[in-house]
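Structural overview
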Amino acid sequence: MIAPPTMRRAVRRLLTAALAAATALLALTAPLAPAAATAPAAATAPATATGPGQDVDPVPAPVERLYGQEIRKIPTAERVVALTFNAAWNDQGLDTVLDELRRQDAPATFFLTGDFAERHPAAARRIAAAGHGLGNHSYSHPHFGDLTPEGRAREVLRADRAIRDASGTEPLPFFRFPYGDTAPGQIDEVNALGFADVEWTTDTNGWKGTAGGMSVAKAVQRALDVLAPGAILQMHVGSPDGSGTVLDAQALPRIIDAFRARGYEITDLRTALLGPGA
């Protein structure tokens with residue numbers, strides 16, 4: 001159950017103060033942590049002063065409407081779906097994915113780990129140059145439940161800085177937990193850092209490869225099994241074993257064609273969740 005807005009605001013204020021102090025300490029003690037890392041600019045808005053001595057909450061930024069929840073579907077009755085790709089291992093399959101998205105005139109959102117961005121800055125730049133959104137998938141893809149709040153903050157902020165530096169663009173205020181391993185308190189923590197938690201309706205499981213019993217046909221079927229207004233599909237760039245076999249890249253043309261044949265359009269997750277101009 002989602003807490004009332006006033007309670008969520010109070011929790012965010014407490015978390016923001018605690019995490020700001022933790023981040024400052026980490027910046028001084030950990031050379032790899034970005035000293036100037038801050039939450040995305042879109043996450044805050046100036047307060048509206050209506051009179052002296054009044055305690056007025058800031059005007060909510062679009063992303064703040066998404067706080068306090070685990071987003072696994074776009075709230076809509078329209079026949080639209082969103083394509084997302086996680087990138088943590090390597091950039092194998094990325095050229096195929098970007099070429100197909102361009103051919104089909106379809107938008108997508110890519111959730112990068114900071115480690116991936118640092119190892120493959122050209123890939124991050126290609127994604128941004130193609131006009132797709134960049135989200136945050138942590139720095140090193142750990143199990144967040146095994147970390148302290150300070151460790152989780154460091155993972156989020158360090159990834160944000162790495163993605164900014166590699167891509168040369170402003171990332172989205174979207175965070176996707178590694179392994180989809182979410183918890184209400186941890187979602188509050190990421191919200192306090194300026195990010196909404198954006199997960200998925202289903203994963204194609206193409207990342208498992210043929211060795212894991214998957215095929216292009218099975219990946220396509222998993223996408224179709226959850227086809228409904230507002231579905232968010234998760235796929236992956238690269239292969240965990242470095243084999244070069246990226247089933248999601250191979251399945252993408254069939255997935256888009258199948259969605260459109262059933263009367264669905266591919267929507268941009270940015271505008272779907274944040275509104276026009278995002």
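Below is a short write-up of the structure. (Residues numbered from 1 in each chain as written. Predicted model: local features only at pLDDT ≥ 70, side-chain atom pairs only at ≥ 80, totals over all residues. Heavy atoms only, no water.)

1. What to know about the packing of aromatic side chains
Note on aromatic pairs: each is described by the distance of the centres and the angle between the planes. Note the cut-off: Working definition: rings of Phe, Tyr and Trp (its six-membered ring) pair if their centres are within 6.5 Å, and the pair is stacked with planes under 30 degrees apart, edge-to-face with planes over 60 apart, and tilted otherwise. Three labels apply to residues, based on accessible area from a 1.4 Å probe with only protein chains included: buried if under 20% of the type maximum, exposed if over 50%, partly exposed otherwise in between. Comment: the charge-over-ring label is applied if NZ (Lys) or CZ (Arg) is within 6 Å of the ring centre and within 35 degrees of the ring normal.
Using the criterion set out here, one finds 5 aromatic pairs in the structure. Both rings, one in F175 and one in F177, keep their centres 5.0 Å apart while their planes meet at 85°; by these two values the pair is edge-to-face. Each of the two residues, F175 as well as F177, counts as buried. We note R72 situated over the ring of W200; from NZ or CZ to the ring centre the distance is 4.9 Å. Against the face of Y139 rests R158, its NZ or CZ located 3.7 Å from the ring centre.

2. Brief notes about the pairing of strand β4 (residues 133–136)
Stated precisely, the cut-off is as follows: Per the convention used, a helix needs a DSSP run of H or I reaching at least four residues, while a strand needs a run of E reaching at least two, with both numbered from the N terminus. When DSSP finds at least two bridges between two strands, those strands are taken to pair.
Covered by surrounding structure in β4 are G133 and G135 together with L134 and N136, the residues of both alternating faces. Looking at chain direction, strand β3 (residues 109–112) and β4 are connected through 4 bridges and run parallel. If you follow F111 over to β4, its bridge partner there is G135.

3. Some remarks on the pairing of β3
Selection rule: Orient the strands so they point away from the viewer; a crossover is then right-handed if the path from the first strand over the helix to the second runs clockwise.
Side-chain alternation along β3 places T109 and F111 on one buried face and F110 and L112 on a second face that is also buried. Here strand β2 (residues 80–87) runs beside β3; their pairing, made up of 4 bridges, is parallel. Looking at β3, one finds that N86 is bridged to F111. Considered for its hand, the β-α-β crossover made up of β2, helix α2 (residues 94–104) and β3 is right-handed.

4. Describing the pattern of salt bridges
Keep this limit in mind: Salt bridges, as used here, are contacts in which a Lys or Arg side-chain nitrogen is within 4 Å of a carboxyl oxygen on Asp or Glu.
Scanning all chains against the criterion turns up 11 salt bridges. One salt bridge in this structure joins E189 and R152, with 2.7 Å as the shortest N-O distance. Of this pair, E189 sits in helix α6 (residues 184–192) while R152 sits in helix α5 (residues 149–167); the two residues are 37 residues apart in sequence, bridging distant segments of the chain. Here the two residues E189 and R152 agree in accessibility, since each one is buried.

5. Re the packing of helix α7 (residues 216–225) against helix α8 (residues 247–261)
Short version of the rule: Interaxial angles span 0 to 180 degrees and are taken between N-to-C directions of axes, which are lines fitted to C-alpha atoms, for helices over the stretch in contact. Oblique is the label for every angle not falling under 35 degrees (roughly parallel), over 145 degrees (roughly antiparallel), or within 65 to 115 degrees (roughly perpendicular). Crossing handedness is read from the near helix: turned anticlockwise from the far helix by less than a right angle, it gives a left-handed crossing, and turned clockwise, a right-handed one. We call two residues in contact when some of their heavy atoms are within 4.5 Å. Under the scheme applied, nonpolar residues are Ala, Val, Leu, Ile, Met, Phe, Trp, Tyr, Cys and Pro; charged residues are Asp, Glu, Lys and Arg; polar residues are all the others, including Gly.
Interhelical geometry of α7 versus α8 gives an angle of 45° and a closest axis separation of 9 Å. The orientation of α7 relative to α8 falls into the category oblique. For the pair α7 and α8, the sense of crossing is right-handed. Residue-level inspection shows V216, A217, A219, V220, A223 and L224 of α7 in contact with α8, the latter providing L247, D248, Q250, A251, R254, I255, A258 and F259. Within the contact of α7 with α8, the residues separate by chemical class into 11 nonpolar, 1 polar and 2 charged.

6. A word on α8
Selection rule: One fewer than the residue count of a helix, multiplied by 1.5 Å, yields its expected span. In this scheme, the bend at a residue equals the angle between the axes fitted to the seven residues that finish there and the seven that begin there.
Relative to the 21 Å expected for 15 residues at 1.5 Å per residue, α8 spans 21 Å between its end C-alpha atoms, a close match to the ideal helical length. P253 marks the point of greatest bend in α8, at about 35°. The set of residues buried in α8 consists of L247, D248, A249, A251, L252, I255, I256, A258 and F259. Taken together, the buried residues of α8 touch β2, α2, α7, β8 (231–237) and β9 (265–266). Positive phi shows up at G263, right after α8, with a value of about 85°.

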